[in-house]
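Spelled out from the first residue to the last, the chains are:
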Amino acid sequence: MPLDTNYIRGTMAAVLSILQHSTCPENVSFHFLLAHLEAEIFSLIRSTFPYLTFKMYRFDSNRVRGKISKSIRQALDQPLNYARIYMSDILPLDVERVIYLDSDIIVVDDIAKLWGVDLGDKILAAPEYCHANFTNYFTDTFWSEVNLASTFEGRRPCYFNTGVMVVDIGKWRKGEYSLKVEEWMALQKQKRIYQLGSLPPILLVFAGNIKAVDHGWNQHGLGGDNFEGNCRKLHPGPISLLHWSGKGKPWLRLDSRKPCTVDYLWAPYDLYRSSRVALEE
Ligand SMILES: *[C@@H]1O[C@H](CO)[C@@H](O)[C@H](O)[C@H]1NC(C)=O
Ligand SMILES: *[C@@H]1O[C@H](CO)[C@@H](O)[C@H](O)[C@H]1NC(C)=O
């Protein structure tokens, strides 16, 4: 997981939710990617979860300096958002498989089930959304250039959300996929082929070539398009993971006392609320 000090409340809630729903919480180990290694953050995690197996790694933002193009949302342009592309370089070589998770999630099922997915010959597993209009993730420039538009030839590309991914980083490392994603980022610098941040270059490399897992593993979009006043409903069906992707974050909406109904599902995992409220009032 990325560990951004601005999102630490989300990260802590996510960790708590994972541990609470694991049959064997002692089997789960966390790898946190940070822009700056800070002793206070280490101590905070250690004191909150005394038995947690975790390591912290610095993601050097120089790695993506000059490679990030401005997206339509400033929050997406944070270098740490791109750390997921470099897990294969950052994590130790004996780590072969990881589940990448954003900080604005809650897991309500045993994470071991997701971990156990059979990747077959694929590098990445995630819920796939073949009904989403894939065209819209790329610009007219992209689709109008024959050599670019032919990128997806021979595969049926479907949208997937990069906030929840099972990744065989052993294979990713061998195939040098970080470089492949970077090549698209470099092209984006020359001409605008997409509008979002780290998601489209990953789609360009992997869409149509991933292992699909149950949609319950990423009920995304719960943040909605706005900080306030755009509450999303849950999709029908079983839910294993809730994801507040989008502009609204449950902790902010709860603090502003204008929560969406789905935010009440996040609240039980909030380890900060009482102290925060006490500080502010
Ligand atoms: C937990 O780890 C132990 C030791 O590696 C293993 O035997 C066991 O099956 C694991 N349990 C789960 C639920 O994954
Ligand atoms: C997808 O979106 C594009 C561009 O907005 C549109 O031209 C196309 O008809 C849409 N496709 C479907 C299947 O809705």
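Thresholds applied
- Residues numbered from 1 in each chain as written.
- Chains lettered and ligands numbered in written order.
- Predicted model: local features only at pLDDT ≥ 70, side-chain atom pairs only at ≥ 80, totals over all residues.
- Heavy atoms only, no water.
- UniProt positions renumbered as here; feature names shortened; annotations may be inferred.
- pLDDT = per-residue confidence, 0-100.
- Contact = heavy atoms within 4.5 Å.
- Disulfide = S-S within 2.5 Å.
- Helix = DSSP H or I, 4+ residues; strand = E, 2+ residues; numbered from the N terminus.
- Buried < 20%, exposed > 50% of the residue type's maximum accessible area, 1.4 Å probe, protein only.

The protein chain appears in an unreviewed UniProt entry as Hexosyltransferase from Olea europaea subsp. europaea. The UniProt entry for the protein chain carries the following text under Sequence similarities (unreviewed entry): "Belongs to the glycosyltransferase 8 family." Note on the protein chain: under the UniProt heading Pathway (unreviewed entry), the record states "Glycan metabolism; pectin biosynthesis."

Enquirer: Sorry, what's going on with the confidence of the model for the protein chain here?
Expert: Caution is warranted with low-pLDDT regions, since their predicted coordinates should not be read in detail. When pLDDT is averaged along the protein chain, the result is 91, and 95% of the positions lie at 70 or above. Every residue in residues 275–281 scores below 50 in pLDDT, and together they form two contacts with partners more than four places removed in sequence or on other chains.

Enquirer: So what exactly am I meant to see when it comes to the state of the cysteines here?
Expert: Put plainly, a disulfide is one covalent bond tying together the sulfur atoms of two cysteines. Per the counting criterion, the structure on display carries two disulfides. Sulfur-sulfur distance for the disulfide between Cys 130 and Cys 158 comes to 2.1 Å. Judged by the sign of its S-S torsion, about 100°, the bond between Cys 130 and Cys 158 is right-handed. Here Cys 158 lies in the loop between α6 (146–149) and β7 (159–160) and Cys 130 lies in the loop between β6 (128–129) and α5 (140–144), a separation of 28 residues in the sequence. Cys 158 gets classed as buried once you look at its relative accessible area, which sits at 1%. The residue that forms a disulfide with Cys 231 is Cys 260, at a sulfur-sulfur distance of 2.0 Å. Taking the torsion about the sulfur-sulfur bond, which here is approximately -80°, the covalent link between Cys 231 and Cys 260 counts as left-handed.

Enquirer: It is not clear to me how helix α9 (residues 199–206) should be interpreted in this structure. Could you clarify?
Expert: Residue pairs three or four apart in sequence face the same way in an α-helix, which turns once every 3.6 residues. In terms of residue burial, α9 counts as a mostly covered element, since eight of its eight residues are buried. Where α9 is concerned, the buried positions are Leu 199, Pro 200, Pro 201, Ile 202, Leu 203, Leu 204, Val 205 and Phe 206. Looking at the buried side of α9, the elements it contacts are β5 (124–126), α5, β7, α7 (169–174) and α8 (177–190). One or two steps after α9, the chain reaches Gly 208, where phi turns positive at roughly 85°.

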